[in-house]
Structures are given as C-alpha cells and as structure tokens.
Amino acid sequence: MSTVEVLGKQLELDADGNLANPEDWNEEIAKELAKQEGIDELTERHWMVINFMRKEYQEKGDAPSIRKLTKQSGVDTKELYQLFPKGPAKKAARIAGLPKPKGCI
Amino acid sequence: MKKLVILGAGTAGTMMLNKLSNVLEKDEWQITIVDQYETHYYQPGFLFIPFNIYNKKDVIKPKRDFFPTGTEVIISEIDKIEPGKNRVLLKNNKVLSYDYLIIATGSKVKPEETEGMKGELWYKNIFDFYTIEGALALQSFFKHWEGGKLVLNITEMPIKCPVAPLEFVFLADWFFTEQGIRDKVDIHFVTPLPGAFTKPRAASILGDFLDKKNINLTTEFNIAKVDNDNKKIVSWDEREIPFDVLVTIPTNMGDEAIERSGMGDELNFIPTDKHTLMAKGYDNIFVIGDATDLPSSKAGSVAHFEADILFENFLDVIEGRDPKAKFDGHANCFIESGFGKGILIDFNYDTEPLPGKFPLPGVGPFSLLEETKMNHYGKVMFRWMYWNSLIKGQELPIESNMSMAGKRL
C-alpha cells in the first residue's frame, strides 16, 4: 500500500490514491491535499462542497457523484469545474479524505 | 398461486424468464413479464449498422419468439412500483401484485440531459448509435459523407457497453480506409475518463491501438454543451472541440418508472447488493442488468453472468434460505478493432482486464488484450449464440464467475 507524507505524517492511501483511513483526515490535511491537486487555497465555496461530500458519505456510505453535487450541494456544475478543475467529484472526494465516488468507474 | 413479476423483457428479463420458467412448478407459480415494446433488439449489433455491416433486419426479432408458453405477457408502460404494497401499477391501469419481483428495466440514452445536444443538428450532424433510429440515421449520413472532422464523445459515465465507443472509432478507421477517404477523415475520441478505457491496463493497451490507427484522443473532457451554430462541443472548463459530424454517447439513465417509484439514485439506477443482486432494503426484489447501480459494466455479458447468480439466489430465497451465490462483477467483451480483427477482455470487480488466453489457459482459442482474427470470429459467432441460446436462458461454455486461469499478471 502506498503512502503520502502530509505535514510530517505518513498517511496510507487506497488503490485510487485517496486516504485509506478517513479518520486520518482533518482540515489542515485537506489544505495540503488540495495543494497536491493544484488548488492553492480552499475558499468558502470549496469548503461548502467538501463539507457536503463528507456529510453525504457519513449518511450514505458513498461519496456523491457530480450530478448529486450539482443538484444538492448548492454549487452548480460550472462552478464545480472552476473550483476543482477537470474532475470535481473525484478531486473533491480526495481532498475531503473520502474514497473515489463509486460512479467514477 | 405464488406470483413472480418480471419488469422488462430485454436481454436480462428474457433470460430470467426462460431460466425460471424451466424450474418453477406451473401449478404453483404464475409468471408475468411486462414490457412496453414488442420488438427485441440485438443491441450489440447497433454498432455495425452505421458501417453497413448489419442492417435493421439483422438486429430485430419479435419478443414473443422468446417467451415460454404459460407466461403472462403484458405489453404496457410501467407507471410505478409500490414496493411497500408488493404491487406494480401499469400505464394501462392494470395493477399487478407480486410475491417476488425481478426488475430488468435497463438503461437508455438521454441526449436531452446535455444543453444543445438535441438541437437543430440532431440527426443531421449529431447522431447516437445506441438506438436503432440513431444507428440508421448515421448509416444514411455516412453514405454521402465526403470527410471532415468525426468526433466521438462520451458524455458521462456510466454507459452501456463501455467498449462500444472504442469499437466505433476502430470500425470508422477501417470503413473510411475501405471507402478510400481515410486521409480526409480526422477521427477524434473524446472522453471524460483519464484514458481510453475505464480500467488502467486495458486503457493503456487500447490507447496504443488508437495511436496506431491514427485516432486522436482527448481525455478528461466533460461536455457542458453542444454549440450548434459553430459545430463545437464545449466542456465545463471551456475547452472547445470542433466537429463536422458528432457521434455522441449521451448520458445513460435508468427507466423513468424507477424515478416515479422513488427507488433509484440520481441516474435512476437501483441500489443493488453487488453480490446477491437483491434490491437494497427489500427481501423480495431482485435487480439485474443495466437497471442496477453495480460498479460493473452495463453489458449483455454481465447480465448473462448475473442471471446465473440471480437464478441460484432466487431459488434459495423462495425456500426461505439466505442467498448464497455471489456475483463477482464478471464481464467479457469482444472489441471489434476493424480489418476483420478483434480484441477480447475478461474482468470483474477486483481484477482488471489482463493479457492471456481464453477460455482455455495457454490454448485459447481467444487471446486477451491482443488483436486477432479469431477474436473477431468470436464476436461474429456471438450474434448466433445470443438469439439461439443466450436469451433462451441456456448454458454457455463460460463460467459465471471470472477465472484467473490463462491470465498473465
């Protein structure tokens, strides 16, 4: 299993490169993971998406797809792509410390 | 009398009907199947229609040819399922009660989900090939086309038969070579995925085939809209790709009846236990084929392997036992690569497509992840198997669970 060093700690990753243990996650780690994805600063809008994802994951056991994000997170598709370029659902899940959404097969 | 209702008489529903009506006692069980259409389509054949390899007559047969005697057949649209009341409401105002329900309502393309896709160029310069209408319209278009930019775009995942878009561009390369205008046709494969396919090792090998065949590849392109005026597709991050003809794989969604029943996810696919194939939260409803939300391919081969598992689990459940058989996500796909050759892939939830021989280790006759003439014959032969054994629920000489034998790691 591969690991990533964040803030001096070695964190385990799953096969998709997302955190293997969601309990390793905290907001400081999210900021570092975002930098690795090329997002230098997490704005309030980023956090809205990340927090929505974490809440969905806790309730449903699966990270939401881009469609669900568009419908329910309060951020539309266009802005999602601005906030998390290329793959919003995949990137936001990684930054949120969650496994890749099941829809991304 | 106990009642089994099967919703959908496509590949999966018809297979289950045939398998179960062979074993359920006629004096104990009433089996009913519901579908809104009377024609059965051999959907893998649609791919060949634009290139004049198949025609409409090659891909259609009446559904009734595949219904065993004694089956109650209802041709009607489904209004909704009321799982709490164990009944199904039909659009023809009938109400069907059931003891057990098998949902096989499939998935379909929804071009209207993307802005501008069903605009003024629809079926003039923009086509799908996942419907008989789209495939035939594209066939007519190609008859007179003199070349230009051919763009194939996958809107979003999941889609039915994730290899079909690749087969389409491979066949287009062959077709336009035969027509003598390949040098005038720029073929461009545009996908939201990070590579040519969903699984990494196959993506890299299939990506090399695109290269060899001089087909351009653009990845991570998530289409936001079709610009009909300027003949361009535009992504959410504002990249633009011009086309003369756009072959689109629109968003795939489950049936609207699933949405009306409140049983689906945001794409109307039904949350399903990935091993037992029972609808999550219900102990008398099974789901099979494209209608599920399983992380497997939406394909006939998958439905076929699922049918073996569902059959065993159904017989357990009606006897009050726990369902024991476990579906492993097995898929087996012949990929037409043009010029009379094909590529074969075989994989499941946990094992991505690997090279090797299939089904007999070291012998074949088919080769995994390699381009051979024999693989192409496999695909050609398959249409006969489909009509004559597969949807009739007969056994095929392939195990329902994937085997590692013959595969190279």
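Anything mentioned here points back to the structure above.
Cut-off values and rules
Residues numbered from 1 in each chain as written. Chains lettered and ligands numbered in written order. Predicted model: local features only at pLDDT ≥ 70, side-chain atom pairs only at ≥ 80, totals over all residues. Heavy atoms only, no water. Helix = DSSP H or I, 4+ residues; strand = E, 2+ residues; numbered from the N terminus. Buried < 20%, exposed > 50% of the residue type's maximum accessible area, 1.4 Å probe, protein only. Contact = heavy atoms within 4.5 Å. Areas by Shrake-Rupley, 256 points an atom, 1.4 Å probe, with all protein chains shown as cover. Lys, Arg positive; Asp, Glu negative; His and termini not counted. Charge placed at Lys NZ, Arg CZ, Asp CG, Glu CD. Pairing = 2+ DSSP bridges. Axes fitted to C-alpha atoms, helices over the stretch in contact; angles between N-to-C directions. Core = buried A, V, L, I, M, F, W, Y, C linked by side-chain atoms within 4.5 Å. Patch = residues over 30% accessible without salt bridge, like charges linked within 9 Å, V, L, I, M, F, W, Y side chains within 5 Å. Salt bridge = Lys/Arg side-chain N within 4 Å of Asp/Glu carboxyl O.

Q: Help me understand the overall build of chain A, please; the structure alone is not making it clear to me.
A: Of the regular secondary structure elements, chain A holds 5 helices and 2 strands. The linear arrangement of helices and strands in chain A, starting from the amino end, is β-β-α-α-α-α-α. Projected onto its principal axes, the C-alpha positions of chain A cover 35 × 25 × 20 Å. Here chain A, with 105 residues, has 47% of them falling under the buried criterion. Residue pairs in contact within chain A that sit at least 24 positions apart in sequence constitute 48% of those at least 6 positions apart. Counting only carbon and sulfur atoms, one obtains 47% of the accessible surface of chain A, whose full area is about 5300 Å². Positive and negative side-chain charges in chain A, numbering 17 and 18 respectively, have mean positions lying 7 Å apart.

Q: Just checking my understanding: could you explain the sheet that holds strand S16 (residues 232–235) of chain B for this structure?
A: Residues and elements named next belong to chain B. On the basis of which strands lie adjacent, the open sheet formed by 3 strands has the order S15-S16-S17 and antiparallel pairing. Single-partner strands in this sheet number two, and they are strand S15 (223–227) and strand S17 (240–242). The mean inter-strand angle of the sheet, taken between neighbouring strand axes irrespective of direction, is 20 degrees. The pairing of S15 with S16 spans 4 bridges and is classified as antiparallel. From the neighbouring strand, Ile 223 faces S16, where its bridge partner is Ser 235.

Q: How do you make sense of the nonpolar core when you look at a structure like this?
A: For soluble globular proteins, the rule of thumb is that nonpolar side chains tend to be buried together. In terms of nonpolar packing, the biggest core is built from 98 residues, with Leu 4, Ile 102, Phe 142, Leu 150 and Phe 314 of chain B touching the most fellow members. Residue contributions to this core peak at 10 residues, all from helix H7 (residues 300–318) of chain B. Setting aside its immediate chain neighbours within four residues, Phe 314 of chain B contacts Leu 4, Leu 20, Leu 24, Trp 29, Tyr 100, Ile 102 and Phe 286 of chain B. In this structure, Leu 19, Ala 34, Trp 47 and Val 75 of chain A belong to the second largest nonpolar core, which totals 29 residues.

Q: So what exactly am I meant to see when it comes to a negative patch on the surface here?
A: All names here are of chain B. A grouping of Glu 25, Asp 27, Glu 28 and Glu 319 is seen on the molecular surface, where their side chains present a negatively charged patch. Take Glu 25: it is sitting in the loop between helix H1 (11–23) and strand S2 (29–35). By relative accessible area, Glu 25 is classed as partly exposed at 47%.

Q: Would you mind going over the environment of His 304 of chain B with me for this structure?
A: Of note, His 304 of chain B is situated in helix H7. A C-alpha to C-alpha distance of 9.2 Å links His 304 of chain B and Met 16 of chain B, two positions 288 residues apart in sequence.

Q: Would you explain the sheet that holds strand S1 (residues 2–7) of chain B in this entry?
A: Strand pairing within a sheet occurs via backbone hydrogen bonds; the two strands may be parallel or antiparallel. Residue and element names in this part refer to chain B. Strand order in the open sheet formed by 5 strands is S5-S2-S1-S9-S20, and the pairing between neighbours is parallel. Of all the strands in the sheet, the pair left with one neighbour each is strand S5 (72–75) and strand S20 (285–287). Each strand of the sheet is rotated relative to its neighbour by a mean of 15 degrees, with strand direction disregarded. Sheet topology places strand S9 (residues 100–103) next to S20; 3 bridges connect them, and they run parallel. Bridge pairing links Ile 103 to Val 287 in S20. Contacts from H1 reach S1, S2 and S9, with the element oriented near 165 degrees to S2.

On their own, these measurements won't tell you what the molecule is for.
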